[in-house]
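Listed below are the residues making up each chain.
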Amino acid sequence: MNLHEYQAKILLKNNNVRVLNGYPVLDDSDIETAVDSIQTPVMVVKSQIHAGGRGAGKFTDSGDDKGGVRVCFSKDEAKDNAKKMFGKTLVTKQTGPRGKQVNRLYIEEGCDIKKEYYLSMLVDRASSSISIIASTEGGMEIEEVAEKQPEKIITVNVPGDSIIDQNSLNKLTEGLNIDQNLSNDFCDQIQKIYNSFLSSDASLVEVNPFVLTGEGNFLALDAKVSIDDNALYKHKDVASMRDETEEDPAEIEASKHELNYVKLDGQIGCMVNGAGLAMGTMDIIKLHGGSPANFLDVGGGATKERVAKAFSIILQDPNVKAILVNIFGGIMKCDIIAEGVVAAAKELSIQVPLVVRLEGTNVDLGKEILNKSGLSIISADNLEDAAQKAVRALN
């Protein structure tokens, strides 16, 4: 689950990370109060959407190309910009051409910035550790830095202990050329950001930029936080921050039925059990010239009702022109899936070609149920056969 910047800063502040004072705007009637609460002569009006590149974005529906993050030098200027931004559609390089509607703003104090750094912490599954990534090129997209100046990226892997070891902290301070008289404050803030990462079960905490102020203090000027969905049950306060307006309605509905669904841009809807098998299914569809319309993992213990809901969600996408069901029956038996497929096909009156590949426990019984259903179901012998038939069914 992704947090907005202002929400991420609440989490950081709760762990004593230094952040600037700011006030969220959740309704246009909040603008006056939020701006008047700022005590500094310079303030920043920030669009709150789940996408990067806000500062360089454009408001397409109003023709305003000043960006989604604006530095203002008076309260009147801040109020005017906030009113121009709130409720408008912001397009950035991460939103796609449709953009995202700005339903929330964050009005924040300004500060004297001496130096900007990049900092992030994320789970590195390959090394079973937490990677701390830092760079002197703060404010830039880390992908751009990695491509053009990879030598300016410092990566330190730590095992996930409650305290970052001194050797790792030294690598960061030396790699970023932090002055010795500033290293104590730098390390203190890094440790507190790390505490925020651990205590919230985050999968990512990105602070870009992490800045050194003119007063000699380090603080988080921006923040992006993603929380592991599987840990949300432990963090009710964080779970309550979920902004469903930033998510695809079909993905929200899928999560309520314990389905893992991500919409894609292709034409072949996929229903698979197991994340790895789902990825393999999408790959082989691409290999044979097709394009998957979604990632959908029904899980190992799916019921007939959950299978029916999966079909319903897939068919909400008007781009779907064929459906490929690929099930390896282990915990979930093939006959149960077959019953769910038949029931859903009849109930939903599925009009697109339906290709089904079953393998595993009770596979013969499952195939028999499909064959006796009286439906135009295309049976496949193996995954490659299924992918080829799904692609051909588009023509």
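Residues numbered from 1 in each chain as written. Predicted model: local features only at pLDDT ≥ 70, side-chain atom pairs only at ≥ 80, totals over all residues. Heavy atoms only, no water.

Quick look at the sheet that holds strand 3 (residues 58-59) now. Read across the open sheet, the 3 strands follow the order 3-5-6; overall the sheet is antiparallel. Taken across any chain shown, the strands that pair with only one partner, and hence form the sheet edges, are strand 3 and strand 6 (100-101). In the sheet, strand 5 (residues 89-91) pairs with strand 6 via 2 bridges, with the strands oriented antiparallel. Of the residues in strand 6, the one forming a bridge with Leu90 is Lys100. (Pairing = 2+ DSSP bridges. Helix = DSSP H or I, 4+ residues; strand = E, 2+ residues; numbered from the N terminus.)

Here we take up the pairing of strand 15 (residues 268-272). Along strand 15, 5 of the 5 residues are buried, which leaves the element largely enclosed by surrounding structure. Side chains of strand 15 alternate between two faces, with Ile268, Cys270 and Val272 and Gly269 and Met271 buried alike. Here strand 15 runs beside strand 17 (residues 322-329); their pairing, made up of 5 bridges, is parallel. Bridge pairing in strand 17 links Met271 to Val325. (Buried < 20%, exposed > 50% of the residue type's maximum accessible area, 1.4 Å probe, protein only.)

Ranked by internal contacts, the top residues of the largest apolar core, which has 41 residues, are Phe186, Ile190 and Phe210. Per element, the largest residue contribution to this core is 7 residues, and it comes from helix 6 (residues 180-199). Not counting residues within four places of it along the chain, the set of residues in contact with Phe210 comprises Lys115, Glu116, Tyr117, Leu119, Phe186, Gln189, Ile190, Ile193, Phe218, Leu219 and Ala220. In terms of nonpolar packing, the next biggest core, distinct from the first, is built from 33 residues, Ile327, Val341, Val342 and Leu354 among them. (Core = buried A, V, L, I, M, F, W, Y, C linked by side-chain atoms within 4.5 Å. Contact = heavy atoms within 4.5 Å.)

Here we come to unusual backbone geometry. Look at the link from Asn208 to Pro209: it is a cis peptide, with omega at 10°. By secondary structure assignment, the location of Pro209 is in strand 11 (residues 202-213). Although it is not a glycine, Ser349 adopts a positive phi angle of roughly 50°. Mapping Ser349 onto the fold places it in the loop between helix 11 (334-348) and strand 18 (354-360). For Asn362, which is not a glycine, the phi torsion comes out positive at approximately 60°. Mapping Asn362 onto the fold places it in the loop between strand 18 and helix 12 (363-371). Residue Asn362 is classed as partly exposed on the basis of its relative accessible area, which comes to 33%.

Summed over the entire model, instances satisfying the criterion amount to 23 salt bridges. Here Asp36 makes a salt bridge to Lys79, at a shortest N to O gap of 3.0 Å. Taken together, the residues span a long stretch of sequence, with Asp36 in helix 2 (residues 31-36) and Lys79 in helix 3 (residues 75-85) at a distance of 43 residues. Relative accessible area serves as the criterion here: at 40%, Asp36 is assigned to the partly exposed category. (Salt bridge = Lys/Arg side-chain N within 4 Å of Asp/Glu carboxyl O.)

Below, the discussion takes up the packing of aromatic side chains. Under the counting rule described, the total for this entry stands at 5 aromatic pairs. Geometrically, the ring pair formed by Tyr117 and Phe218 is tilted, given 6.1 Å between the ring centres and 50° between the ring planes. Taken together, the residues Tyr117 in strand 8 (residues 113-124) and Phe218 in strand 12 (residues 218-220) connect sequence positions 101 residues apart. Relative accessible area serves as the criterion here: at 6%, Tyr117 is assigned to the buried category. An aromatic cluster is built from Tyr117, Phe186, Phe210 and Phe218, whose rings are joined through pairwise contacts. (Phe/Tyr/Trp six-rings, centres within 6.5 Å; stacked < 30°, edge-to-face > 60°.)

Here we take up the side chain of Asp317. With respect to the helices, strands and loops of the structure, Asp317 is situated in the loop between helix 10 (304-314) and strand 17. Look past the residues within four positions of Asp317 in its chain and what remains in contact with it is Lys263, Leu264 and Ala293.

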